[in-house]
Amino acid sequence: MSNTRDAFNAIPALPELAALFLAALQASESTSSTPVSAAVLTALGTLSRREREVVRLIADGLTTRQIAEQLFISPHTVNNHRAQISQKLGLQGAFSLLHFAQRYRHWLWPVQK
């Protein structure tokens, strides 16, 4: 496992993506969560920190207004984030985003502040 960690840490341009892959590797060893493909991990790696926060809150079932209140942003900004996330992940519609967020909630690495 440490060889894998060293290999991913050697990628200086992609530290967050490397952290995502490491988290996925560790989770796959310790849990029986939903299997995830490299394509999904790569897509998740394209999301910004704020977009990952929004996806995690969507997975928790929060509404646009609740997400806005929790993140101290406007509902319009939340909707912009939802649109960007859907575009990056190749999803269409609010239900597909909710389904994706809930299906892969265990693969959304902790957001570092």
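Draft legend 1. Molecular detail of the confidence of the model for the protein. Of the residues in the protein, 64% reach a pLDDT of 70 or more, and the chain-wide mean stands at 77. Mean pLDDT values over the elements of the protein span from 49, in helix α1 (residues 2–9), up to 96, in helix α5 (residues 64–71). pLDDT under 50 marks residues 7–14. Its contacts with residues more than four places away, or in other chains, come to four contacts.

Draft legend 2. The pattern of salt bridges, seen in detail. For the coordinates displayed, the defined rule picks out four salt bridges. Note that Arg 49 and Glu 53 form a salt bridge whose closest N and O atoms lie 3.7 Å from each other. Of the two residues, Arg 49 and Glu 53 are both situated in helix α4 (residues 49–59); the distance of four residues between them amounts to about one turn of the helix. The closest approach of N and O atoms between Asp 60 and Arg 105, which form a salt bridge, is 2.6 Å. Of this pair, Asp 60 sits in the loop between α4 and α5 while Arg 105 sits in the segment after α7 (94–103), placing them 45 residues apart in sequence. Classification of Arg 105 as partly exposed rests on a relative accessible area of 30%. Through salt bridges with shared partners, a single ionic network connects Arg 49, Arg 50 and Glu 53.

Draft legend 3. View of unusual backbone geometry. In this structure, Phe 72 is a non-glycine residue whose phi angle is positive, near 60°. A relative accessible area of 77% means that Phe 72 is categorised as exposed.

Draft legend 4. How the structure looks around the packing of α4 against α5. Remark: α4 packs on α5, axes separated minimally by 10 Å, with the N-to-C direction vectors making an angle of 130°. Looking at the two axes, α4 sits oblique to α5. Our pair here, α4 against α5, has a crossing hand that is right-handed. From α4, Arg 50, Glu 53, Val 54, Leu 57 and Ile 58 reach across to α5, where they touch Ile 67, Gln 70 and Leu 71.

Draft legend 5. Structural context of the nonpolar core. In terms of nonpolar packing, the biggest core is built from 24 residues, with Leu 44, Ile 67, Ile 85, Leu 89 and Phe 100 touching the most fellow members. Only α3 (38–45), α4, α5, α6 (75–89) and α7 provide two or more residues apiece to this core. Ranked by the residues each element gives to this core, the list is headed by α4, at five residues. With residues up to four places along the chain from it excluded, the contact list for Ile 67 reads Val 54, Leu 57, Ile 58, Leu 62, Val 78 and Arg 82.

Draft legend 6. A look at α3. Buried residues of α3: Val 40, Leu 41, Ala 43 and Leu 44, and no others. The arc enclosing the buried residues of α3, seen along the axis, measures out at 160°, which places them on a common side. Along α3, exposed side chains directed more than 90 degrees from the buried face belong to Ala 38 and Ala 39.

Draft legend 7. Representation of the side chain of Ser 86. Within the secondary structure, Ser 86 is located in helix α6. Setting aside its immediate chain neighbours within four residues, Ser 86 contacts Leu 91 and Leu 97.

What counts and how
Residues numbered from 1 in each chain as written. Predicted model: local features only at pLDDT ≥ 70, side-chain atom pairs only at ≥ 80, totals over all residues. Heavy atoms only, no water. pLDDT = per-residue confidence, 0-100. Helix = DSSP H or I, 4+ residues; strand = E, 2+ residues; numbered from the N terminus. Contact = heavy atoms within 4.5 Å. Salt bridge = Lys/Arg side-chain N within 4 Å of Asp/Glu carboxyl O. Buried < 20%, exposed > 50% of the residue type's maximum accessible area, 1.4 Å probe, protein only. Axes fitted to C-alpha atoms, helices over the stretch in contact; angles between N-to-C directions. Parallel < 35°, antiparallel > 145°, perpendicular 65-115°, else oblique. Left-handed = near helix turned anticlockwise from the far one by under 90°. Core = buried A, V, L, I, M, F, W, Y, C linked by side-chain atoms within 4.5 Å. Arc of directions from axis to C-beta.

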